[in-house]
Amino acid sequence: MKSLLFGRFLLLLPWVLVVIIVLDIDSSRPPLPPRAGAGADGGVGGSGVGVRGPEAALPTIYAITPTYSRPVQKAELTRLANTLRQVSRLHWILVEDAAARSELVSRFVAAAGLPCTHLHVPTPRRYKRPGLPRATEQRNAGLAWLRQRHQHLPPPQPGVLFFADDDNTYSLELFHEMRTTRKVSVWPVGLVGGRRYERPVVENGKVVGWYTGWRADRPFAIDMAGFAVSLQVILSHPKAVFKRRGSQPGMQESDFLKQITTVEELEPKANNCTKVLVWHTRTEKVNLANEPKYHLDTVNIEV
Amino acid sequence: MGNEELWVQSVLEMPKRRDILAIVLIVLPWTLLITVWHQSTIAPLLAVHKDDGGDSRRDLAAGLDSKEYCLSDRDIVEVVRTEYVYTRPPPWSDTLPTIHVITPTYSRPVQKAELTRLANTLLHVPNLHWILVEDSQRRTPLITRLLRDTGLNYTHLNVETPRNYKLRGDMRDPRIPRGTMQRNLALRWLRETFNRNNSQPGIVYFADDDNTYSLELFEEMRSTRKVSVWPVAFVGGLRYESPKVNAAGKVYGWKTVFDPHRPFAIDMAGFAVNLRLILQRSQAYFKLRGVKGGYQESSLLRELVTLNDLEPKAANCTKILVWHTRTEKPVLVNEGKKGFTDPNVEI
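Per an unreviewed UniProt entry, the recorded name for chain B is Galactosylgalactosylxylosylprotein 3-beta-glucuronosyltransferase, and the organism is Aythya fuligula. Checking UniProt for chain B, the heading Subunit (unreviewed entry) contains the comment "Homodimer. Interacts with SAR1A." Turning to chain B, the UniProt annotation filed under Pathway (unreviewed entry) states: "Protein modification; protein glycosylation."

The name an unreviewed UniProt entry gives chain A is Galactosylgalactosylxylosylprotein 3-beta-glucuronosyltransferase, with Aythya fuligula as the organism. Quoted verbatim from the Catalytic activity (unreviewed entry) field of the UniProt record, the comment on chain A reads "3-O-(beta-D-galactosyl-(1->3)-beta-D-galactosyl-(1->4)-beta-D-xylosyl)-L-seryl-[protein] + UDP-alpha-D-glucuronate = 3-O-(beta-D-GlcA-(1->3)-beta-D-Gal-(1->3)-beta-D-Gal-(1->4)-beta-D-Xyl)-L-seryl-[protein] + UDP + H(+)". Under the Cofactor (unreviewed entry) heading, UniProt states for chain A: "Mn(2+)".

Given below as structure tokens:
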């Protein structure tokens, strides 16, 4: 009798184990979320980012890039896109300084190969004087789009926002560093302020001062490329925008940051602000002295 | 008698059948168990690899300093990837010809920035071999580290352009155009490394570190049989310079303002050469001295090919896929004479 029971038990045991394991696999396999498409607003670019299990937890990086038409525009956007395409979960917000979406940028966005939103807002003529801050309206348009998009989505949506000018150079390590931003993070910027680099001075993991060659008395003596803000902070300060009225040259970053954070709250990245991961490169103005005024070419080639 | 035998036979067979049934009933669940258990450990790994293959070609670097992927499914969902995951180039293909990109470089403040963004572009291109030649006495640690961190397939060379001792300071010999010795060294390296009879298909392209390249360009040049050409933007004081292509698809001239009667009125970034041709014409190099401005490219190309053999790319030379951008010299006036910032911080 005992042996019979024992025999039956041995027979049933593997079946029971199989059932347990199958149930275990089913419960722990992450549900496949739907493919997230690119942003709305007309110029929908490239392939959507398919979110799979391990990456569902990665915060999205939003890069706001103001751009304007000049000969090197397409070249700058091309090499910036080549960099940004290497970064996972990055959403590019391209804002043209134009009254309407240009063909060049629209075509570019369509073939960019990364999630991209194409906006446009013209800068009023009276603000186009040298010495006045540039790209204010475009960055504010990017902020407005971001706020409007997340209005109806349930919180919390992890995300990090930073301002990527189209002529700077970004290393891929920078994006890893900024992804862990909780509120506002800062890091050194190369080739700016008349120096090899500028950086926040860090002691005990906190920012205590600014190492800069230009107006170190600014509340936030940092370049536009030297900080990133978490999406939560942007959404919880809906009135924080770049100032136009009463804005002094070189104070853009300070005026913006003091609306949303304090120096004590800043998170230093890049190994306590000792590594340069972004460079404020500028591209030379192109020599077009030989372009003919009349007798233009028979074909119209986009450069 | 017959019936009895049959009956005995069937009785003998029945226990056999029962035994077989019993054995199957025992073995089956155990095999199922083992299969399912295997799947439960392999499935998460498969999901990870599919991830890496599909989404922007990401892979774990060989030297992760912190968390590694755990094997169980549950852990992968919860791990937030905070370690550095350097992107790798696309997997090597056995069918695509290798593109050997020769880049001369020299030390200046924007060097690391230029090479970083060039590397970010090259990381997209499959079957790419980057030959970086420094204009220096020794291979510098900055470049060594940079090349290693990109994950690209590379070769790091160096040769110093002789200084002109008559001029003070860091002036190189102005009679030797910049980058010539470096490009020639790379050509020599290719000839020493690859056997002429070894039919490893390859394309050679000269890419300066401050230009801008679209990804389409590399795919266009991959089909080069001898020498292919295409337009280049922002050279010669024009929006672009381009070869003139006739209806038969042959190059018959050059659409430039600056000296269109050069044998090859084209910029360094505007042509690519099949590796076989480089290996066959083993004495063809860029001329070092006595070369007029704008004739450097001609000094090499005239030893390799004639106008008739040129293959026009980029939709018969009507599309711009490469821009001759130049980077501004950064203003470092606040460094002063002795230097202000910490020289140990690498830029």
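There is more to say after this.
Chemist: Would you take a moment to explain the overall build of chain A for this structure?
Modeler: Of regular secondary structure, chain A possesses eight helices and 13 strands. Buried positions account for 54% of the 303 residues belonging to chain A. For chain A, restricting intrachain contacts to residue pairs at least 6 apart in sequence, the fraction spanning at least 24 positions comes to 74%.

Chemist: Help me out: how do you make sense of the overall build of chain B in this one?
Modeler: Of the regular secondary structure elements, chain B holds nine helices and twelve strands. Residues counted as buried form 47% of the 347 residues belonging to chain B. A separation of at least 24 residues holds for 73% of the contacts in chain B among residues at least 6 apart in sequence.

Chemist: Quick question: what am I supposed to make of the UniProt feature "glycosylation site" (unreviewed entry) in chain A here?
Modeler: Residue and element names in this part refer to chain A. In this numbering, the UniProt entry assigns the feature "glycosylation site" (unreviewed entry) to Asn272. Looking at the secondary structure, you find Asn272 in helix H8 (residues 270-273). The class for Asn272 is partly exposed, based on a relative accessible area of 42%. Once residues lying within four places of it in the same chain are set aside, the contact partners of Asn272 are Arg199, Val202 and Gly205.

Chemist: What am I meant to see in the packing of helix H3 (residues 111-122) of chain B against helix H4 (residues 141-150) of chain B here?
Modeler: Residue and element names in this part refer to chain B. Two elements in contact, H3 and H4, have axes separated by 11 Å at closest approach and are oriented at 20°. It follows from the interaxial angle that H3 and H4 lie roughly parallel. In the packing of H3 onto H4, the handedness of the crossing is right-handed. Contact residues: H3 offers Gln111, Lys112, Leu115, Thr116 and Ala119, while H4 offers Leu142, Ile143, Leu146 and Thr150. Residue composition of the contact of H3 with H4, by class: five nonpolar, three polar and one charged.

Chemist: Explain the confidence of the model for chain B here, please?
Modeler: Any residue range with low pLDDT should be treated as having predicted coordinates unsuitable for detailed reading. Residue and element names in this part refer to chain B. On average, residues of chain B score 81 in pLDDT, and 77% of them reach the 70 mark or higher. Confidence drops under a pLDDT of 50 for residues 44-86, and excluding neighbours within four residues, the segment shows 64 contacts in the predicted structure. Both scores are given for the predicted complex: the pTM is 0.75, the ipTM 0.78.

Chemist: Honestly, the UniProt feature "binding site: Mn(2+)" (unreviewed entry) in chain B in this entry has me stumped. Any pointers?
Modeler: According to UniProt, the feature "binding site: Mn(2+)" (unreviewed entry) maps to B:Asp210 in the numbering used here. By the secondary structure assignment, B:Asp210 is in the loop between strand E4 (202-206) and strand E5 (212-213). Those residues in contact with B:Asp210 that lie beyond four places of it in its chain are A:Arg79, B:Glu114, B:Thr325, B:Arg326 and B:Thr327.

Chemist: Can you help me understand the interface of chain B and chain A in this one?
Modeler: Accessible area lost when the parts come together is the quantity often used to give the size of an interface. Listed as interface residues are 72 residues of chain B and, on the opposing side, 64 residues of chain A. Between chain B and chain A lies a buried interface of about 6700 Å² when both sides are counted; carbon and sulfur atoms form 60% of it. At the surface where chain B touches chain A, the tally comes to two salt bridges. Between A:Glu284 and B:Arg326 there is a salt bridge, with the nearest N and O atoms lying 3.2 Å from each other. At the boundary of chain B and chain A, one finds eleven residue pairs in polar contact (both at pLDDT 80 or more). Where the side of chain B that touches chain A is concerned, the elements lending two or more residues are helix H1 (2-54), helix H2 (73-78), H3 and E5 of chain B. The element that contributes the greatest number of residues to the side of chain B that touches chain A is H1(B), accounting for eleven residues. Its residues placed into classes, the side of chain B that touches chain A shows 38 nonpolar, 18 polar and 16 charged.

Chemist: Sorry, what's going on with the UniProt feature "binding site: UDP-alpha-D-glucuronate" (unreviewed entry) in chain A here?
Modeler: Residue and element names in this part refer to chain A. Within the UniProt annotation, "binding site: UDP-alpha-D-glucuronate" (unreviewed entry) is assigned to Pro66, Thr67, Tyr68, Asp97, Arg134, Arg139, Asp165, Asp166, Asp167, His280, Thr281 and Arg282. With respect to the helices, strands and loops of the structure, Asp165 is situated in the loop between strand E5 (159-163) and strand E6 (169-170). Apart from residues no more than four positions distant in its own chain, Asp165 is found in contact with Thr65, Pro66, Leu80, Arg139 and Tyr170. Polar contacts involving the side chain of Asp165 include one to the side chain of Arg139, which spans 3.1 Å. Position of Arg282 among the secondary structure elements: in the segment after strand E13 (278-279).

Chemist: Would you mind going over the side chain of B:Thr105 with me for this structure?
Modeler: Residue and element names in this part refer to chain B. For Thr105, the position within the fold is in strand E1 (residues 98-105). For Thr105, a relative accessible area of 2% translates into the label buried. A polar atom in the side chain of Thr105 sits 3.0 Å from the side chain of Asp209. Residue contacts for Thr105: discarding those within four places in its chain leaves Gln111, Leu115, Leu132, Val133, Glu134, Asp135 and Asp209.

Chemist: Could you clarify how one ought to interpret the environment of A:Arg282 in this entry?
Modeler: A:Arg282 gets classed as partly exposed once you look at its relative accessible area, which sits at 40%. With 178 residues separating them along the chain, A:Arg282 and A:Leu104 place their C-alpha atoms 21 Å apart. Ignoring any residue separated from it by four or fewer positions in sequence, one finds A:Arg282 in contact with A:Asp167, B:Arg326, B:Thr327 and B:Glu328.

Chemist: How should the sheet that holds strand E3 (residues 153-158) of chain B be read in this particular structure?
Modeler: Two orientations exist for strands paired in a sheet by backbone hydrogen bonds: parallel and antiparallel. All names here are of chain B. The seven strands are arranged E3-E2-E1-E4-E10-E6-E11 in an open sheet whose pairing can be described as mixed. Single-partner strands in this sheet number two, and they are E3 and strand E11 (310-312). Averaged over neighbouring strand pairs, the angle between their axes works out to 25° when direction is ignored. The pairing of E1 with strand E2 (residues 128-134) spans seven bridges and is classified as parallel. Within the sheet, the bridge partner assigned to Thr105 lies in E2 and is Glu134. Along the sheet, H4 makes contact with E2 and E3, crossing E3 at roughly 170°. This element, helix H5 (residues 180-193), spans E1, E2, E3 and E4 of the sheet and lies at about 135° to E2.

About the criteria used
- Residues numbered from 1 in each chain as written.
- Chains lettered and ligands numbered in written order.
- Predicted model: local features only at pLDDT ≥ 70, side-chain atom pairs only at ≥ 80, totals over all residues.
- Heavy atoms only, no water.
- UniProt positions renumbered as here; feature names shortened; annotations may be inferred.
- Helix = DSSP H or I, 4+ residues; strand = E, 2+ residues; numbered from the N terminus.
- Buried < 20%, exposed > 50% of the residue type's maximum accessible area, 1.4 Å probe, protein only.
- Contact = heavy atoms within 4.5 Å.
- Axes fitted to C-alpha atoms, helices over the stretch in contact; angles between N-to-C directions.
- Parallel < 35°, antiparallel > 145°, perpendicular 65-115°, else oblique.
- Left-handed = near helix turned anticlockwise from the far one by under 90°.
- Nonpolar A, V, L, I, M, F, W, Y, C, P; charged D, E, K, R; others polar.
- pLDDT = per-residue confidence, 0-100.
- Buried area = accessible area lost by both parts, 1.4 Å probe.
- Salt bridge = Lys/Arg side-chain N within 4 Å of Asp/Glu carboxyl O.
- Polar contact = N/O pair within 3.5 Å; in protein donor to acceptor, adjacent residues only side chain to side chain.
- Pairing = 2+ DSSP bridges.

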